[in-house]
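Coordinate inspection notes
So you can see what is in the structure, the chains are spelled out below.
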Amino acid sequence: MGDDMAEELTETPLKTPRTFLNFPLINDFDDFCADIAILGVPFGRAYSVDGMANDQSLAPDHIRSWSTLTEIEMTLNNYDFDLGGTLLDGKDINVVDCGNVKSSLVNPNEHYDSAEQVARKIFAANSVLIILGGDHGVPIPIMKALGVLDKEITLIHIDAHLDWRDEINGEKNGYSSVIRRASELSFIKNIHQIGMRGIGSAKTKEVNDAIAHGCTITTAYQLHDIGMDEVLNSIPDGGTYYLTIDADGIDPTIMPAVLAQTPGGLNWVQLHKLIHGLVNKGRVVGMDLVEITPSCDVGNISMIHAERLLCNFIGATVRAGYYNK
Ligand SMILES: [Mn+2]
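Residues numbered from 1 in each chain as written. Predicted model: local features only at pLDDT ≥ 70, side-chain atom pairs only at ≥ 80, totals over all residues.

Some details on the overall build of the protein
A tally of helices and strands in the protein yields 11 helices and 9 strands. Residues classed as buried in the protein amount to 48% of the 325 residues present. Restricting to contacts in the protein with at least 6 residues of sequence separation, those with at least 24 account for 78%. (Helix = DSSP H or I, 4+ residues; strand = E, 2+ residues; numbered from the N terminus. Buried ≥ 20, exposed ≤ 12 C-beta atoms within 10 Å, placed from the backbone. Contact = placed C-beta atoms within 7 Å.)

Comments concerning the sheet that holds strand β9 (residues 283–290)
Strand order in this open sheet of 9 strands is β1-β3-β2-β4-β9-β8-β5-β6-β7, and the pairing throughout is mixed. Whereas interior strands pair on both sides, the edge strands pair on one side only; in this sheet they are β1 (10–11) and β7 (216–219). Sheet topology places strand β4 (residues 128–133) next to β9; 4 bridges connect them, and they run parallel. Directly across from Ile131, in β9, lies its bridge partner Asp288. Lying over the sheet, helix α2 (residues 59–69) contacts β2 (36–41), β3 (95–101) and β4, oriented at roughly 110 degrees with respect to β4. (Pairing = 2+ DSSP bridges. Axes fitted to C-alpha atoms, helices over the stretch in contact; angles between N-to-C directions.)

A short note on the UniProt feature "binding site: Mn(2+)" (unreviewed entry) in the protein
Those residues carrying the UniProt feature "binding site: Mn(2+)" (unreviewed entry) are His136, Asp159, His161, Asp163, Asp246 and Asp248 in this numbering. The named residues occupy 113 residues along the chain; their greatest pairwise C-alpha distance, 12.1 Å, places them in one compact cluster. Residues contacting Asp163, with those up to four places away along its chain left out, are His136, Tyr175, Ser176, Ser177, Val178 and Ile179. Inspection of the secondary structure puts Asp248 in the loop between β8 (240–246) and α10 (268–279). If we ignore the near neighbours within four places in the chain, the residues touching Asp248 are Asp159, Ala160, Val258, Ala260, Thr262 and Glu291. (UniProt positions renumbered as here; feature names shortened; annotations may be inferred.)

What about the packing of α2 against helix α11 (residues 301–319)?
Between α2 and α11, whose axes approach to 10 Å, the crossing angle comes to 85 degrees. Taken together, the axes of α2 and α11 lie roughly perpendicular to each other. Each of Ile63, Trp66 and Ser67 in α2 lies in contact with α11, whose residues at this interface are Met303, Ala306 and Glu307. Each residue belonging to the contact of α2 with α11 can be placed in one class, and the counts come to 4 nonpolar, 1 polar and 1 charged. (Parallel < 35°, antiparallel > 145°, perpendicular 65-115°, else oblique. Nonpolar A, V, L, I, M, F, W, Y, C, P; charged D, E, K, R; others polar.)

As for the nonpolar core
In this structure, Ala37, Leu39, Val118, Leu129, Ala247 and Leu289 are the most contacted members of the largest nonpolar core, which totals 88 residues. At 9 residues, the largest contribution of residues to this core is made by α11. (Core = buried A, V, L, I, M, F, W, Y, C linked by C-beta atoms within 7 Å.)

Here's the deal with the pairing of β9
Counting buried positions over the 8 residues of β9 gives 7, a clear majority of the element. Relative to β9, β8 runs parallel, the two sharing 7 bridges. When the sheet's bridge partners are listed, Asp246 is paired in β9 with Val290. This β-α-β element, β8 to α10 to β9, shows right-handed connectivity. (Right-handed = clockwise from strand over helix to strand, strands pointing away.)

Some remarks on the pairing of β3
As a general feature of sheets, a regular strand has side chains that alternate between the two faces. In terms of burial, β3 is a largely internal element, 7 of the 7 residues being buried. One ladder, built from 2 bridges, connects β1 with β3; its direction is antiparallel. Counted as the bridge partner of Thr10 is Val101 from β3. Pairing geometry for β2 and β3, over 4 bridges, is parallel.

Regarding α2
For α2, the set of buried residues is Ala59, Pro60, Asp61, His62, Ile63, Arg64 and Ser67. Residues of α2 that are buried sit in contact with β2, β3, β4 and α11.

Some points on the confidence of the model for the protein
When the pLDDT values of the protein are averaged, the result is 95; 97% of them are 70 or greater. Looking over the protein, one finds the lowest element-wise mean pLDDT in helix α1 (residues 3–6), namely 50, and the highest in β8, namely 99. (pLDDT = per-residue confidence, 0-100.)

Describing the packing of α10 against α11
Direction vectors running N to C along α10 and α11 enclose 25 degrees, while the axes themselves pass 9 Å from each other. Relative to α11, the element α10 is oriented roughly parallel. Seen along the crossing, α10 lies across α11 with a hand that is right-handed. Contact residues: α10 offers Trp268, Leu271, His272, Ile275, His276 and Val279, while α11 offers His305, Leu309, Asn312, Phe313, Ala316 and Thr317. By residue class, the composition of the contact of α10 with α11 is 7 nonpolar, 5 polar and no charged. (Left-handed = near helix turned anticlockwise from the far one by under 90°.)

Following this line, the structure appears as C-alpha cells:
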C-alpha cells in the first residue's frame, strides 16, 4: 500500500521528534498489530468558532516532544522505581505511535469519525490504546469504538468536573458532555467519577442525572479523606475498564497546564496508586489523557507528570501480563 493510502486516517506529527519515546510510527490500520498503540486526537467539538483550534489541540505533539527531550535511553533502559524494573521489563512488547487523527475544514465530523474508525481497528486487534488529547470531547468517539469489543465496560473518570451537560450552544459532543454521552452507550455498565470539586459546567440537574443513572461519584475531598485504596476497593475486580483522565482532575500544583485550574485535585501518589491498582483489577483496554493546555504550563511540571503517568500506565500493563503470548 502506498504512503498516500497509508495516511488516510492519521497523519505524521509535524514536529520532530515525531513519536512518543521515539516508538515506531504506524499509520496503516489494515491488519493492525501492536501491543500498545498511542494515538493523538487533537480536536474536540468547539462551543464557539474561536475554540475550533484550541491550545489543547497542540498537546499530543507537545507531549511527544517532551518525551524525547528527557533522557530517552534512560527512560527505556534504566530501572524505574515506579515500576520495579525497566519500562517494558525486558520483554518483547510492541509499542507503536499512530500519529494524529486527521481533520477536515470542509467536514467537521470527519475528525471524530476517523478517530472512531482508527480506535475500532486498534481495539479489534486487542491492542491497548493510549489517547493523547485534545480536549475532553475527544474520548466520545473513542468510547463508541469500545463497542467492537462486545464486552461490558467499566468507565473510570478522573476530573474536577462532572461533564454531564446534554449540550452547550447546541453542540452535544463537546468537552462538557463526555460522560453523559458515555452513559448512553449500552455497553458502558458502570461509571466511577473521581476528583470532582469546585465549579464546572454542571448545574444541580446534571448532578442529579448522574446519580440517577447510577454513577459512583467520589469528590476530591472524599478521596483525600478515605484514600485511593478505598476508592479502588469500591470498583469491582475482574472487569474490562476504560480510563479517561481530564488533566484538571489532577492537582494544579503538579498539572498547571489546564484551563480550569482548581485547587484540591489528585496528587501524584494517588495517581500512581490508581493506575497500578486499576491495571491489576482486570484489563484496562484503553486510556486517554486530555485537556492538557501547553501554554499554561509552568516550568514543564505538567509535562513531567504527563510523561510519568503514561510510562506508569505502560509499565503497569506490561507487569500485569497483558501481552503474554
Ligand atoms: Mn472533563
